[in-house]
Amino acid sequence: MGHDHAATDARTAPVAAFAVLDRMTKDELKAWRLAPIPDNPSAAERGAERLPYPYGWFVACYSDELPAGEARPMRFFGKELAAWRGEDGKARVIDAYCRHLGAHMGHGGKVHGNQLECPFHAWRYDETGVVNEIPYGKVIPPQAKRPCGGWPTAEANGFVWIWYHPEGKAPMWEVETFSEIGDADWTAYDRYEWLVHAPLQFMAENAADTAHFKYVHGTATYPDATLSFDGHLRNGLVLAKLGTPQGEIDGKIANGNFGPGQGWTRFSGISETLLMSGVTPVDKDLVRVRFAFTQPKAQAEGPMAGLARALIRDILKQFDQDKVIWDRQRFVERALICDGDGPIGDFRRWYYQFYAEWADGKPPVAA
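Along each chain, numbering runs from 1 in the same order as the chain's sequence is written. Whole-chain, interface and lining totals are the exception, using all residues; otherwise, since this is a predicted model, local features are given only for residues with pLDDT of at least 70 and side-chain atom pairs are given and counted only at 80 or more. Derived side-chain values reflect all non-hydrogen atoms in the structure, with water molecules and hydrogen atoms excluded from consideration.

Chemist: Give a detailed account of the overall build of the protein chain, specifying residues and quantitative values.
Modeler: Counting its secondary structure elements, the protein chain contains 7 helices and 18 strands. Counting the 367 residues in the protein chain, one finds 48% classified as buried. A separation threshold of at least 6 residues defines the contact pool for the protein chain, and within that pool the share at least 24 residues apart is 60%. Note on areas: Shrake-Rupley with a 1.4 Å probe; residue coverage comes only from the protein chains shown. Put simply, the protein chain shows about 18000 Å² of open surface, and 53% of that area lies on carbon and sulfur atoms. Secondary structure elements are defined from DSSP: runs of H or I of at least 4 residues count as helices, runs of E of at least 2 residues count as strands, and each element is numbered from the N terminus. The classification of residues rests on relative accessible area computed with a 1.4 Å probe and restricted to protein chains. Under 20% of the type maximum is buried, over 50% is exposed, and intermediate values are partly exposed. Contacts between residues were defined by any pair of non-hydrogen atoms, one from each residue, lying within 4.5 Å.

Laid out in structure tokens, this is it:
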């Protein structure tokens, strides 16, 4: 007798938000994830300009996107940047515009040893933004010898990371490493990318918003979620019924943050899955999001392979559903929270510590 698939299939239903996307082909969906929104209200109208950039470690790129000997342009935190990997293998990032006559060193810049050479007049910079050489000049201007525009970098988990702080303060914690990444028994990264047209805080608050799962993602119940906070660390645990083609099973989703920019999620129940998320502000209302999945090869390439792939597809679908909301959302500073919303207030109190411009972690009074 054939299996009654319709009676037991408990995967996420295409609820209202996803109706925007359900007619797209795979290629159209991939393009939509990175497409601009030409008619979106301004950042000021949506309240995005009220939110500073949070400080912390953030993904600049995957490690293999920065080969040795080549300069790369980047834009994060409202700034143009230039990145390169020197002969010693170390990744470096500085402000992109040459202090001489303003050339963008991410476009046509050359790597000279461990320094970045401007394509205009070959001024050579180190990772602190100091000019160490001017091939045709005998005297380096004193101001050019002062550090300016350098971004602290780190490399871990297959990513190049940059440290952002609006006041130029040195890193306050280290990037956390995960032993599964690069382990021979775990798969290479399965990668996905989005541009979300919203401040980073909109995405971050998802960790505390339990009620939306039913109305945006079509879950049958509200998940049982707990959150805890400790300095720059946030940890969460979600116990939920997870949908599979064979019906619902008990699942566990452990998740957390090391500051605003380094997120992780471990899924248990269907297939062991580790998700590394890199979320980096480009501008006040634009965030580049990278999802990188790794799974035990015994599950991802064995009899459980179908379920392992289905889990990743469902995670992607839920993020797409959220993006439909985030792309048009407005920041409500004095949010009207009800008893079933989850610990959104607690989350905001934790998150606001990373806004260096806000005294005592509190937003300034609106004019």
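Having put the structure on the table, let's press on.
Chemist: Which residues make up the sheet that holds strand β4 (residues 91–95), and what values go with them?
Modeler: Read from one edge of the open sheet, 4 strands run β2-β3-β4-β9, paired in antiparallel fashion. At either margin of the open sheet sits one strand with a lone partner, and together these are β2 (71–76) and β9 (150–151). In this sheet, strand β3 (residues 79–85) lies alongside β2 in antiparallel orientation, the contact comprising 6 bridges. In the sheet register, alanine 71 faces β3, and the bridge partner there is tryptophan 84. Two strands make a pair as long as DSSP finds a minimum of two bridges between them.

Chemist: Go over the confidence of the model for the protein chain with me, naming the residues and quoting the values.
Modeler: Model confidence for the protein chain is summarised by a mean pLDDT of 87, while 84% of its residues fall at 70 or above. Across residues 1–12 the pLDDT falls below 50, and counting only partners more than four positions away or on other chains, this stretch makes 22 contacts in the model. The score called pLDDT rates the predictor's confidence residue by residue, from a low of 0 to a high of 100.

Chemist: Quick rundown of the packing of aromatic side chains? Include the residues and the values.
Modeler: Whether two aromatic rings pair depends on their centres lying within 6.5 Å, for rings of Phe, Tyr and Trp, where Trp uses its six-membered ring; planes under 30 degrees apart make the pair stacked, over 60 edge-to-face, and the rest tilted. One pass over the full model with this rule turns up 35 aromatic pairs. Where tryptophan 194 meets phenylalanine 319, the ring centres are 4.4 Å apart and the plane angle is 50°; that geometry is what we call tilted. Residue tryptophan 194 is found in strand β12 (residues 190–196), and its partner phenylalanine 319 is found in helix α6 (residues 305–326); the two are separated by 125 residues along the sequence. Both residues of the pair, tryptophan 194 and phenylalanine 319, count as buried. An aromatic cluster is defined as three or more aromatic residues linked by ring pairs; in this entry it consists of Tyr55, Trp57, Trp163, Trp173, Phe229, Phe347, Trp350, Tyr351, Tyr352, Phe354, Tyr355 and Trp358. Geometrically, a lysine NZ or arginine CZ counts as sitting over a ring once it is within 6 Å of the ring centre and also within 35 degrees of the ring normal. Across from the ring centre of tyrosine 53, 5.4 Å away, lies the NZ or CZ of lysine 284, which sits over that ring. Here lysine 323 stacks its cationic end above the ring of tryptophan 32, 5.0 Å away from the centre of that ring.

Chemist: Can you break down helix α7 (residues 344–351) residue by residue, with the values?
Modeler: Those residues of α7 lying buried are Ile344, Phe347, Arg348, Trp350 and Tyr351. The buried residues of α7 occupy an angular sector of 160° when the element is viewed end-on, so they sit on one face. By definition, the arc is the one covered by directions from the helix axis to the C-beta atoms.

Chemist: Which residues make up the sheet that holds strand β8 (residues 131–133), and what values do they have?
Modeler: The 4 strands lie next to each other as β5-β6-β7-β8, forming an open sheet whose pairing is antiparallel. The open sheet has two edge strands, β5 (110–112) and β8, and neither has a second partner. Relative to β8, strand β7 (residues 124–125) runs antiparallel, the two being bridged by 2 bridges. Each bridged residue has a counterpart across the sheet, and for tyrosine 125 the counterpart in β8 is valine 131.

Chemist: Just give me the short version of α6, but keep the residues and values in it.
Modeler: What a helix should span is 1.5 Å times the count of its residues minus one. The terminal C-alpha atoms of α6, which comprises 22 residues, lie 32 Å apart, in line with the 32 Å expected from a rise of 1.5 Å per residue. In terms of burial, α6 is a largely internal element, 16 of the 22 residues being buried.

Chemist: Kindly report on the nonpolar core, identifying the contributing residues and their values.
Modeler: Of all hydrophobic cores here, the largest spans 69 residues; its most connected members are Val289 and Phe291. Look past the residues within four positions of valine 289 in its chain and what remains in contact with it is Tyr192, Glu193, Trp194, Val196, Met203, Gly278, Val279 and Phe319. In this text, buried Ala, Val, Leu, Ile, Met, Phe, Trp, Tyr and Cys residues form a nonpolar core when linked through side-chain atoms within 4.5 Å. Counting residues in hydrophobic clusters, the runner-up holds 16 residues, among them Ile94, Cys98, Ala103 and Leu116.

Chemist: Account for the environment of phenylalanine 77, naming residues and giving values.
Modeler: Within the element layout of this structure, phenylalanine 77 appears in the loop between β2 and β3. Among the residues examined, phenylalanine 77 registers a relative accessible area of 4% and is labelled buried. Taking the C-alpha atoms as reference, phenylalanine 77 lies 5.1 Å from valine 282; in sequence the two are 205 residues apart.

Chemist: Break down the environment of alanine 356 for me, citing the residues and quoting the values.
Modeler: The topology assignment puts alanine 356 in the segment after α7. A relative accessible area of 24% places alanine 356 in the partly exposed class. Between the alpha carbons of alanine 356 and proline 54 there is a distance of 7.3 Å; along the sequence they are 302 residues apart.

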